[in-house]
Amino acid sequence: AGLSTPLVLSVHTIVSFDFATSVIPGWHTTIFPPYFVAGAIFSGFAMVLTLMLVTRYIYKLEDYITLEHIELMNIIIMVTGSIVGIAYTTELFMAWYSGVEYEQYAFLNRATGQYWWAYWAMMTCNVFSPQFFWFKKIRTSIFATFVLSIVVNIGMWFERFVIIVTSLHRDYLPSSWNYFTPTIYDIMCYVFSFGLFFTLFFLFAKFFPVINMAEVKAVLKESTPDVYRGRRTISNDLVPEEDRVAEHEIA
């Protein structure tokens, strides 16, 4: 985590500069660096949740990956999703406040043009769906968390689509205006990226421990009963009688 934090900040900031230093309406904006970093954390946590919940179920890791971990991750998704929503609103405000007609048209075209469906899918998935995590019942539900994490992943894909495609299909020259339609090569490259990722992920899960043993020793029942009891996620009715007696004596 310590190595990944500066990596996230540096990589996504530099990538955002590739857009922000251009003169294309919709890209030439100074909010891109923090916007991209917040979006990376937002989508990253959602992707980790999607994979983690499946891995947790298959490998029976409920005592190691607890509802407490899942709830805290959902809170981060909720917060970063709100930050991304503020970034979207700021983009719209700056396009209006700038008085630049090209910038204004770029954002108006995103919301009401030919690609309106992509823009509103992005807004729905990235801004509105994470707000469900304000409710504790939803952010502690495994099924709801899994569904919303996939929704967020879909929304972040649409964000990239909106940023790239809708900014390029209407540029300064009407003679170059066009409607993007993916070719079979575009689709197959996209499918290949899924196959490559899941191949590497499954190989890792097969040959390496999916849980860092050193990090879970402190929460094992044998080492610290108080912490174990606080992190338990199963119903008290399912706890063996001897465990309940032992916990009562400890308390």
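Quick summary incoming for the structure in this document. Bear in mind that the values here come from a model prediction, so they are computed numbers and not experimental data.

As for the overall build of the protein
- Broken down by element type, the protein carries 11 helices and zero strands.
- In the protein, the order of α-helices and β-strands from amino to carboxyl end is α-α-α-α-α-α-α-α-α-α-α.
- Expressed as a percentage of its 251 residues, the buried residues of the protein come to 36%.

Quick look at the pattern of salt bridges
- Taken as a whole and judged by the stated rule, the model has three salt bridges.
- One salt bridge connects Glu-71 with Arg-139, and the closest N-O pair in it is separated by 2.9 Å. Highlighted residues: Glu-71 in helix α3 (residues 67-98) and Arg-139 in helix α6 (residues 136-139), separated in sequence by 68 residues.
- A relative accessible area of 14% means that Arg-139 is categorised as buried.
- In the salt-bridge network here, residues are joined through shared partners; they are Glu-71, Lys-136 and Arg-139.

Notes on unusual backbone geometry
- A positive phi angle is found at Lys-60, which is not glycine, with a value near 55 degrees.
- Inspection of the secondary structure puts Lys-60 in the loop between α2 (32-58) and α3.

Considerations on the side chain of Thr-80
- You can see Thr-80 is positioned in helix α3.
- Residue classification places Thr-80 among the buried residues on the basis of a relative accessible area of 8%.
- A polar contact of 2.7 Å, which involves the side chain of Thr-80, links it to the backbone oxygen of Ile-76.
- Here Thr-80 is in contact with Ala-38, Ile-41 and Phe-42, once residues within four sequence places are set aside.

Remarks on the side chain of His-169
- The topology assignment puts His-169 in the loop between α7 (142-168) and α8 (184-207).
- A polar contact is formed between the side chain of His-169 and the side chain of Asn-109, at a distance of 3.0 Å.
- A distance of 3.3 Å separates the side chain of His-169 from the side chain of Arg-170, its partner in a polar contact.
- Not counting the four nearest positions on each side in its chain, His-169 is found in contact with Asn-109, Gln-114, Tyr-115, Trp-177 and Asn-178.

What to know about the nonpolar core
- Of all hydrophobic cores here, the largest spans 41 residues; its most connected members are Phe-32, Tyr-35, Tyr-88, Met-122 and Ile-163.
- For this core, the secondary-structure elements that each account for two or more residues are α1 (4-20), α2, α3, α5 (116-128) and α7.
- The dominant element in this core, judged by the number of residues it contributes, is α2, at nine residues.
- Leave out the neighbours within four places in its chain, and Phe-32 touches Ser-16, Phe-19, Ala-20, Gly-26, Trp-27, Glu-91 and Ile-163.

Section: the packing of α3 against α5
- In contact at an axis separation of 9 Å, α3 and α5 are set at 145 degrees when each is read in the N-to-C sense. On the side of α3, the interface is formed by Gly-81, Gly-85, Tyr-88 and Leu-92, while α5 contributes Tyr-119, Met-122, Met-123, Asn-126 and Val-127.
- Its residues assigned to classes, the contact of α3 with α5 shows six nonpolar, three polar and no charged.

With respect to the packing of aromatic side chains
- What the rule picks out here adds up to 27 aromatic pairs.
- Considering the side-chain rings of Phe-19 and Phe-36, the 5.8 Å spacing of their centres and the 55 degrees angle between planes classify their relative orientation as tilted. Taken together, the residues Phe-19 in helix α1 and Phe-36 in helix α2 connect sequence positions 17 residues apart. Summarising the burial analysis for this pair, Phe-19 and Phe-36 share the class buried.
- Three or more aromatic residues joined by ring pairs make a cluster, and in this case those are Tyr-115, Trp-117, Trp-157, Phe-158, Phe-161, Tyr-179, Phe-180, Tyr-190 and Phe-194.

Brief notes about the environment of Gly-26
- Considering the arrangement of structural elements, one finds Gly-26 in the loop between α1 and α2.
- Each C-alpha atom of the pair Gly-26 and Tyr-102 lies 8.9 Å from the other, and the pair is 76 residues apart in sequence.

Calculation rules
- Residues numbered from 1 in each chain as written.
- Predicted model: local features only at pLDDT ≥ 70, side-chain atom pairs only at ≥ 80, totals over all residues.
- Heavy atoms only, no water.
- Helix = DSSP H or I, 4+ residues; strand = E, 2+ residues; numbered from the N terminus.
- Buried < 20%, exposed > 50% of the residue type's maximum accessible area, 1.4 Å probe, protein only.
- Salt bridge = Lys/Arg side-chain N within 4 Å of Asp/Glu carboxyl O.
- Polar contact = N/O pair within 3.5 Å; in protein donor to acceptor, adjacent residues only side chain to side chain.
- Contact = heavy atoms within 4.5 Å.
- Core = buried A, V, L, I, M, F, W, Y, C linked by side-chain atoms within 4.5 Å.
- Axes fitted to C-alpha atoms, helices over the stretch in contact; angles between N-to-C directions.
- Nonpolar A, V, L, I, M, F, W, Y, C, P; charged D, E, K, R; others polar.
- Phe/Tyr/Trp six-rings, centres within 6.5 Å; stacked < 30°, edge-to-face > 60°.

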